[in-house]
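# A closer look at the structure
Letter by letter, the chains look like this.
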Amino acid sequence: MSLTMDRLTEEFWERYRRLHDAIDAEDIPLVHRLDRELTNALTALVDRQTNDAAEQQAQFTALLRLLREEAEDASSVRNNADLIELLLRRYITVRTRPADQNGLPALSAPVRNGVLDIAQLDTLAERVAVVTTDYRYLYTNATEAARLGQKPHELVGRHVRDIVGAERFDRIRDNLDRCFAGETVEYTNARERDGQVVVIRRRLTPCYSEGPTMIGALLVIHEGPDRRRRDH
């Protein structure tokens with residue numbers, strides 16, 4: 001990682017520490033000054049555009065750490081989620097393969113020139129999420145968030161286990177790990193809901209920042225009626 005990124009990261013966390021020390025000391029004038037400095041430091045960190053994979057990873061890591069630190073402050077979470085979305089638009093690419101006859105539809109719409117089209121993902125009826133390699137939500141569209149009983153910004157930075165429960169997380173972890181290893185994973189299962197059998201198809205596609213750095217898995221979930229039962 002370059003000295004520039006090291007410096008930007010160190011300056012941001014130093015100001016973050018000093019701000020919280022000032023808050024604890026109830027030094028209001030110093031709090032206001034350091035708050036402005038912290039905002040400027042975060043802007044400088046995020047605004048740096050780079051092709052270096054380690055620097056990109058450092059930017060994502062800093063924002064995810066900040067999300068965890070500020071998890072109890074809803075306005076901070078929303079602001080930080082917006083910054084993560086900016087990085088998603090700037091850096092994340094996905095590797096896709098043509099859908100086979102039994103697979104999910106191709107992702108040609110939400111992937112443009114190898115870059116996730118976040119605005120398009122937000123409009124899909126399918127449930128969509130990006131999960132980091134440490135099993136935290138980096139992004140969810142409104143459809144997936146609603147299914148999980150949350151708002152999209154409430155999920156960013158949260159561990160998947162904390163949202164879906166330990167038992168369900170244990171079931172899906174192997175598939176996430178396969179995706180993190182570079183494999184596109186597709187699987188289907190059926191579930192009864194409100195007296196009807198629903199077929200749930202999932203596809204996990206590896207997500208990379210520019211270059212070989214693995215960010216996580218793009219998860220697309222499609223739910224539909226069990227058409228096989230109709231055929232019989």
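Whatever comes next refers back to the structure up there.
Residues numbered from 1 in each chain as written. Predicted model: local features only at pLDDT ≥ 70, side-chain atom pairs only at ≥ 80, totals over all residues. Heavy atoms only, no water.

### Description of the overall build of the protein
Here is the rule we go by: Helix and strand assignments come from DSSP, with helices taken as H or I runs of at least 4 residues and strands as E runs of at least 2, each series counted from the N terminus. Residue burial is assigned from relative accessible area. The probe radius is 1.4 Å, only protein chains are included, and a residue is buried under 20% of its type maximum, exposed over 50%, and partly exposed in between. Residue-level accessible areas treat just the shown protein chains as cover; the underlying method is Shrake-Rupley with a 1.4 Å probe.
Helix and strand counts for the protein come out as 10 helices and 8 strands. In the protein, buried positions account for 44% of the 232 residues. Summing over all exposed atoms, the protein offers an accessible surface of approximately 12600 Å²; the carbon and sulfur share of this is 45%.

### Description of the environment of Ala181
Position of Ala181 relative to the elements: it lies in the loop between α9 (166-180) and β6 (185-193). Residue Ala181 is classed as exposed on the basis of its relative accessible area, which comes to 71%. Sequence-wise, Ala181 and Thr133 are 48 residues apart; in three dimensions their C-alpha atoms are separated by 9.8 Å.

### Let's talk about empty space enclosed by the protein
To keep things clear, this is the line we draw: Residues are said to line a cavity or pocket when one of their atoms sits within 4 Å of a point; the points come from a 1 Å grid over protein atoms alone, cavities being sets where a 1.4 Å probe fits but cannot get out and pockets being open sets with protein on both sides within 12 Å along at least five of seven lines. Grid points are joined across faces, edges and corners, and a volume is the space filled by probe spheres set on the points. Residues are grouped as follows: Ala, Val, Leu, Ile, Met, Phe, Trp, Tyr, Cys and Pro are nonpolar; Asp, Glu, Lys and Arg are charged; all remaining types, including Gly, are polar.
Applying the stated criterion across every chain, the model contains 1 cavity of 30 Å³ or more. Here the largest cavity defines a volume of roughly 160 Å³. What lines the largest cavity is a set of 15 residues, and nearest its centre among them are Arg168, Ile172, Arg202, Leu219 and Ile221. With 3 residues, α9 is the largest single contributor of residues to the lining of the largest cavity. Across the lining of the largest cavity, the residue classes break down as 11 nonpolar, no polar and 4 charged.

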